[in-house]
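Inside the fold
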Amino acid sequence: MAASKMSCMAVLEAKILRFDCDEESRPKCFPSLSFVPAERREKRLESTVKPLFVPLFTLDDDSTQTVILALPSGASFYGTGEVSGPLERTGKRMYTWNTDSWGYGKNSPCLYQSHPWVFVVLPSGEVLGVLADTTRKCEVDLRKESTIRFAADCFYPVIVFGPYPAPEDLLVALANATGTMNMPPKWALGYHQCRYSYEPASRVDEISRLFREHRIPADVVWMDIDYMNGFRCFTFDKEKFPDPIGLATTLRGRGFKAVWMIDPGIKKDEDYFIYNEGCSEDAWVVDASGKHFIGDVWPGPCVFPDYTQKKVRAWWSNLIKDFVSNGVNGIWNDMNEPAVFKSVSKTMPEDNMHSGDPEMGGTQNHRHYHNVYGMLMARATYEGMLLANPTKRPFVLTRAGFMGSQRYAATWTGDNSSNWDHAHMSIAMALNLSLSGSPLTGPDIGGFAGDATARLFGRWMGFGALFPFARGHSEKGTVDHEPWSFGDECKNVCRLALLRRYQLLPHLYTLVYFAHTKGLPVMAPIFFAGLSFVYGNNITIVIPSGIWQRFDFDDYHPDLPLLHLRGGSIIPAGPRIEHLGEAHFEDPVTLIIALDKDGNAEGVLYEDDGESFGYQKGEFLLTHYEANSRSNGSEVLIKVAGVQGALKRPKRPLRVRLLIGDRAEINADGQDGDDLLMKLPGSEEMQKLVEAAVKQVEEKNAKVKGLAEYDITHDKLKGVGAPRVLIELSGTDFQLKVVPWIGGRIISMVHKETGIDFFPSRVEGGGYEEYSTSEHRGPGCTEEYNVLSRNLLEINGEDVLSMECDLGGGLVMSREIAIHKKSPKVVHITSQIVARSVGAGAGGYSRIACLRVQPSFQVPHPSETLVKFTAVNGAKKELGATFGETFLRGDDRPNGEWMLVDKESGYAVVNRFNVKEVSVCLVHWGGAECSLGLWSEERSLSKETPLQISHHYQIIKV
């Protein structure tokens, strides 16, 4: 079908244009769940504005609507919500399908949230926003130069915002459509400490006590699922958490709030009151036959609330209301994609049914409501907290979300990993969420999966403390990830970083207020400041063009990021505190000032009680400050230029830090609300102040010890004590990363042409592994390998890595990974188990062994992926994604070749092997992974009869 121009009408404002396939298809679109209220998307606005860019559409036989918007050459793309990889999305393709994505990689096509939204920077410098307003799985393809392509299996409108002259204008327009974030309680902007899990209650008590003993600022401690009775939501384990109200009282006495996890999966248990209530309310999602859908999650078999129904949300809200009475200050909605175990898709079947209310879209299958399930759960949770305390602002954190989730909850970037790639990537991920209308966000600082090191944790905390939402979190089985867990120097860095955050809280709270009232970002990319990230529109850690004055809080450390204040800016700061309970309205106000080229600056401070809705009735104080040079630059007058709100300014000190260059500053004191005239020294004296500041920093730098990669030994972390370096191999098609010190594993195999990483995994587990027994994760997968040789491509046209490990009992496992000059597009792997020193008492034979090659390939599109091969008996086989294992033996084995085909991407991984060396082939589907295992025969070994498997991988287009 030839592409046709879409029909256009203005909605909300003249620069917001709705495009539909045609007038007849407009009523066929489902109600909007992103616009608020939804009816505003349907109301035509009379306007004479002509669209600058008109998208084209096609309709396929399978009801797929494809939309293509061509933009001027040189346009660059950002946004697209929660996505991994770089900040700029130009050249990328994503899918909106909320997915439980533990340990995701740089090229994961879909994560926990869905934002079919593209933030466009045009060559002119203007900005444009494009929203595909559909809840269905949507392809967002930005691979063609200056072209946006959407595809989803229903009629849907495309909303084009702009162009606008400034990026802030675009986000304000988006917030006009999808709503702004709700004003959080001020304590939610403090530091949060979490782990899966702090248990029992005495451990939670200990964590809060240690924060105060170490003098490290923090406001919130979190409880993961282990506080529950058998993972039953809304219950407490009577042995581990016998007195939650008493625990809350203890925490409150130390200045801590408590956030508790609630998941959607409700255990199917007739002795469980929540399950019985839900059955009485007819609250559960049903399968295609109309029966309650049962899916396994943490408690085992579970049912799932149908949040598309108002009555179910009301029932859930009342459960939350009762739960809050246990001393609960905030609620964490996790696993709400919804995640389901023992399912290849990692969620419930798409043909499950929801009895949605008419305004939601009515009765539809799960394919339609999947992407908004988490947002609707967060909404019901938020409303329940309001029922519990109508005068207090709720705090909800959600893992799954959609366009508009910011109306109900903050979010974080999911189960990331403790490595430098994820540390760097966390900035881009939070920025793109911010550019998609979700301003209160941040990563798990230090990484959730795997073990951090001192330098990684300290540096991550250094910039992580500047994220809008700042929480440290880690999983079971990892080393402790508290700020004091990596030695004294790391503890000091974390303390300084968090003290810096708390001193900047007056500025951060002001930014959050404008995010709430206008939709402005709290955290934004550097192009918001005229060309990394900026805090609001003023503080940056990278210097663009213009005047940027460096400053700190007398906290210089080589592992903390450098801060710069843009010329023309005034930001408010507060005193050093360890929690927000120590902050008072009467505290001194510090103004940090950087003058522009004309000698002027301005800034704002927002204040209220930090927890109630009184600000909606005018109970706040919004102060506009100005600084202006006078008398040919010899004086600066600082004054209040304007005031809004009914709160009366308290009598409190004013402290001014006027930045003059290279951390040099001039200080003055006064009374807040009064004019303050600062006399400036002459240019010669100014230069002396700058030179003195530079010298002071040099002296500090000479004394301060930077963080080492490993400065404390953890027994749980293999190889700690000396820095470990990943070995990288490269060929025409592939870039590999190998971890010799833990199982000799391949943790990354990136196909250069597509950017797909077929083995994205963390250092401690996953990816390409090998075992020496038929038991899962037998010896060989965690042992340390010695590197025997490494021949580099540049030297002799080869890239070959040889290594081996001692399995004990005289057995050695060896592996050679090679990319040869004669076949540079192929990765060759030859593995052996050799009986190197078997005693005579054993008759010259070792214990029984089995060489198992166990690669876990990433499968971005499980429903579109299959395993293809021709069996030894000549039969042609195709195995689709079915959760569990399939063993292939004898003539059912592939005849030396099989391939994992992704029909969606058009590529396949071909694995060729010597069928004489392979006794069993195993296909294991698990979530978004597929393992193609090769097993040797199982037998004893002699020096003359090793076990060997030789095989190789190649990527082909299909």
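Residues numbered from 1 in each chain as written. Predicted model: local features only at pLDDT ≥ 70, side-chain atom pairs only at ≥ 80, totals over all residues. Heavy atoms only, no water.

Attention now goes to the overall build of the protein. Scanning the protein for helices and strands turns up 13 helices and 58 strands. Expected size for 958 residues packed as a compact globule is a radius of gyration near 30 Å; at 30 Å, the protein falls within 12% of this value. Looking at the protein as a whole, 61% of its 958 residues qualify as buried. Taken as a whole, the protein presents about 35300 Å² of accessible surface, with 49% of it coming from carbon and sulfur. When the 102 basic and 120 acidic side-chain charges of the protein are each reduced to a single mean position, those positions are 1 Å apart. (Helix = DSSP H or I, 4+ residues; strand = E, 2+ residues; numbered from the N terminus. Rg over C-alpha atoms; globule rule 2.2 N^0.38 Å. Buried < 20%, exposed > 50% of the residue type's maximum accessible area, 1.4 Å probe, protein only. Areas by Shrake-Rupley, 256 points an atom, 1.4 Å probe, with all protein chains shown as cover. Lys, Arg positive; Asp, Glu negative; His and termini not counted. Charge placed at Lys NZ, Arg CZ, Asp CG, Glu CD.)

Attention shifts here to the packing of helix α10 (residues 488–503) against helix α11 (residues 505–518). In the contact formed by α10 and α11, the axes pass within 5 Å of each other and the chain directions differ by 55°. As the angle between them shows, α10 and α11 are arranged oblique. The segment α10 lies against α11, with R501, Y502 and Q503 engaging L505, P506 and L508. In terms of residue class, the contact of α10 with α11 is built from 4 nonpolar, 1 polar and 1 charged. (Axes fitted to C-alpha atoms, helices over the stretch in contact; angles between N-to-C directions. Parallel < 35°, antiparallel > 145°, perpendicular 65-115°, else oblique. Contact = heavy atoms within 4.5 Å. Nonpolar A, V, L, I, M, F, W, Y, C, P; charged D, E, K, R; others polar.)

This part takes up the nonpolar core. Counting 152 residues, the largest nonpolar core has F119, F161, W260 and W316 as the members making the most contacts within it. Of the residues that make up this core, three or more belong to each of domain 1 (7–178) and domain 2 (519–703). Membership of the second largest hydrophobic core comes to 50 residues, among which are L736, L801, A849 and L947. (Core = buried A, V, L, I, M, F, W, Y, C linked by side-chain atoms within 4.5 Å. Domains from an automatic or database assignment.)

Burial along strand β41 (residues 676–679) is one-sided: the face carrying L676 and M678 is buried and the face carrying L677 and K679 is not. For strand β38 (residues 635–644) and β41, the ladder comprises 4 bridges, and the chain directions are antiparallel. Counted as the bridge partner of L637 is L677 from β41. (Pairing = 2+ DSSP bridges.)

Now for the environment of L111. Along the chain, the position of L111 falls in the loop between β7 (93–96) and β8 (113–114). Exposure remark for L111: the relative accessible area of 1% places this residue in the buried category. In contact with L111, not counting residues within four places along its chain, are E82, V83, S84, W97, N98, T99, S101, Y104 and M429.

If you walk through the whole model with that rule in mind, you get 48 aromatic pairs. Seen in terms of ring centroids, Y509 and Y606 are 5.8 Å apart; in terms of plane orientation they differ by 40°. Their pairing is tilted. For Y509, a relative accessible area of 1% translates into the label buried. A cation sits over an aromatic face here: R471 above W332, 4.7 Å from the ring centre. Between the NZ or CZ atom of R471 and the centre of the ring of W412, over which it lies, the distance is 4.9 Å. (Phe/Tyr/Trp six-rings, centres within 6.5 Å; stacked < 30°, edge-to-face > 60°. Lys NZ or Arg CZ within 6 Å of the ring centre and 35° of its normal.)

In an α-helix, one turn spans 3.6 residues, which is why side chains three or four residues apart end up on the same side. Where helix α3 (residues 244–253) is concerned, the buried positions are P244, L247, A248 and L251. Burial along α3 is one-sided: seen end-on, the buried residues are contained in an arc of 100°. The secondary structure elements touched by the buried residues of α3 are α2 (201–213), β15 (220–223) and β16 (257–262). Once α3 finishes, G255 follows within two positions and takes phi at roughly 85°, a positive value. (Arc of directions from axis to C-beta.)

Next up on the list: a negative patch on the surface. Taken together, E277, E281, D282 and D322 make up a surface patch of like negative charges. Classification of D282 as partly exposed rests on a relative accessible area of 45%. (Patch = residues over 30% accessible without salt bridge, like charges linked within 9 Å, V, L, I, M, F, W, Y side chains within 5 Å. Salt bridge = Lys/Arg side-chain N within 4 Å of Asp/Glu carboxyl O.)

Moving on: unusual backbone geometry. Note the cis peptide between V36 and P37, where omega equals -15°. The step from Y196 to S197 runs through a cis peptide bond, and the omega angle for that step is 0°. Along the polypeptide, S197 turns up in the loop between β14 (191–193) and α2. Positive phi, close to 70°, is recorded for L12, a residue that is not glycine. Of note, L12 is situated in the loop between β2 (7–11) and β3 (13–20). Taking relative accessible area as the criterion, L12 reaches 21% and is therefore assigned partly exposed. Positioned with a positive phi, D662 is a non-glycine residue whose angle comes to about 50°. When you line up the elements, D662 lands in the loop between β39 (653–661) and β40 (664–671). On the basis of relative accessibility, which here comes to 42%, the residue D662 falls in the partly exposed class.

At a closest axis distance of 10 Å, the pairing of α2 and α3 adopts a crossing angle of 5°. For the element pair α2 / α3, the angle class is roughly parallel. Along the contact surface, α2 presents A201, V204, D205 and S208, while α3 presents L247, T250 and L251. Considered class by class, the residues forming the contact of α2 with α3 number 4 nonpolar, 2 polar and 1 charged.

The assigned domain composition of the protein is domain 1 (7–178), domain 2 (519–703) and domain 3 (727–957). The C-alpha centroid of domain 3 is placed 41 Å from the C-alpha centroid of domain 1. The partner domain 3 presents 10 residues to the 8 residues of domain 1 that form the contact. It is Y95, W102 and N107 in domain 1 that bury the most area against domain 3; as a group they hold 46% of the surface buried on that side. Summed over the shared surface of domain 1 and domain 3, the result is 0 salt bridges. Counting every contact that joins domain 1 to domain 3 gives 1 residue pair in polar contact (both at pLDDT 80 or more). A class-by-class count of the residues in the side of domain 1 that touches domain 3 yields 3 nonpolar, 3 polar and 2 charged. (Buried area = accessible area lost by both parts, 1.4 Å probe. Polar contact = N/O pair within 3.5 Å; in protein donor to acceptor, adjacent residues only side chain to side chain.)

For the rest of this paragraph, the subject is the confidence of the model for the protein. Chain-level pLDDT for the protein is 92 on average; 94% of the residues reach the 70-or-more range. With pLDDT under 50 throughout, residues 710–723 is counted as low confidence; its partners more than four residues away or in other chains account for 32 contacts. (pLDDT = per-residue confidence, 0-100.)

Mapping G472 onto the fold places it in strand β28 (residues 470–472). Owing to a relative accessible area of 0%, G472 belongs among the buried residues under this scheme. Residues G472 and D444, spaced 28 residues apart in sequence, show a C-alpha to C-alpha distance of 5.2 Å. Once residues lying within four places of it in the same chain are set aside, the contact partners of G472 are Y191, H192, Q193, C194 and I445.

What follows deals with the UniProt feature "domain: DUF5110" (unreviewed entry) in the protein. Under the UniProt annotation, "domain: DUF5110" (unreviewed entry) lies at residues 589–659. The distance separating the terminal C-alpha atoms of residues 589–659 is 16 Å; by composition the span is 0% helix and 58% strand. (UniProt positions renumbered as here; feature names shortened; annotations may be inferred.)

Here the focus is the pattern of salt bridges. Oppositely charged side chains are able to pair whenever their charged atoms sit close together. Across all of its chains, the model carries 51 salt bridges by this definition. In this structure, D608 engages R393 in a salt bridge whose closest nitrogen and oxygen atoms are separated by 2.9 Å. For the pair D608 and R393, a shared accessibility class is recorded, and that class is buried. In this structure, the salt-bridge partner of R815 is E770, at a minimum N-O distance of 3.1 Å. Of this pair, R815 sits in strand β48 (residues 811–819) while E770 sits in strand β45 (residues 768–771), and the two are 45 residues apart along the sequence. Connected through salt bridges with shared partners, the residues R18, D20, E23, R26, R41, E42, R44 and D133 form a single ionic network.

Attention now moves to the sheet that holds strand β1 (residues 4–5). Across the sheet, which stays open at both edges, the 6 strands sit in the order β1-β4-β5-β12-β11-β7 with antiparallel pairing between neighbours. Each of the sheet's edge strands pairs with one partner strand only, and the pair in question is β1 and β7. Across 4 bridges, strand β4 (residues 56–59) lies against strand β5 (residues 65–70) in antiparallel orientation. Note on β5: the bridge partner recorded for F57 is V67.

It is worth spelling out α2 at this point. Taking 1.5 Å per residue as the helical rise, α2 with its 13 residues ought to reach 18 Å, and the 18 Å between its terminal C-alpha atoms agrees with that figure. The complete set of buried residues in α2 reads A201, V204, I207, S208, L210, F211 and R212. Buried-residue contacts for α2 involve β14, β15 and α3. Positive backbone phi, at 60°, marks R215, one or two positions downstream of α2. (Expected span 1.5 Å × (residues − 1).)

Once that is clear, we can look at the sheet that holds β14. Ordered by their spatial adjacency, 9 strands build an open sheet running β26-β25-β23-β20-β16-β15-β14-β28-β27, and the pairing between neighbours is parallel. Looking at which strands have only one partner, the edges of the open sheet turn out to be β26 (441–442) and β27 (444–445). Bridging between β14 and β28 involves 3 bridges; their strand directions are parallel. What sits directly across from Y191, in β28, is A470.

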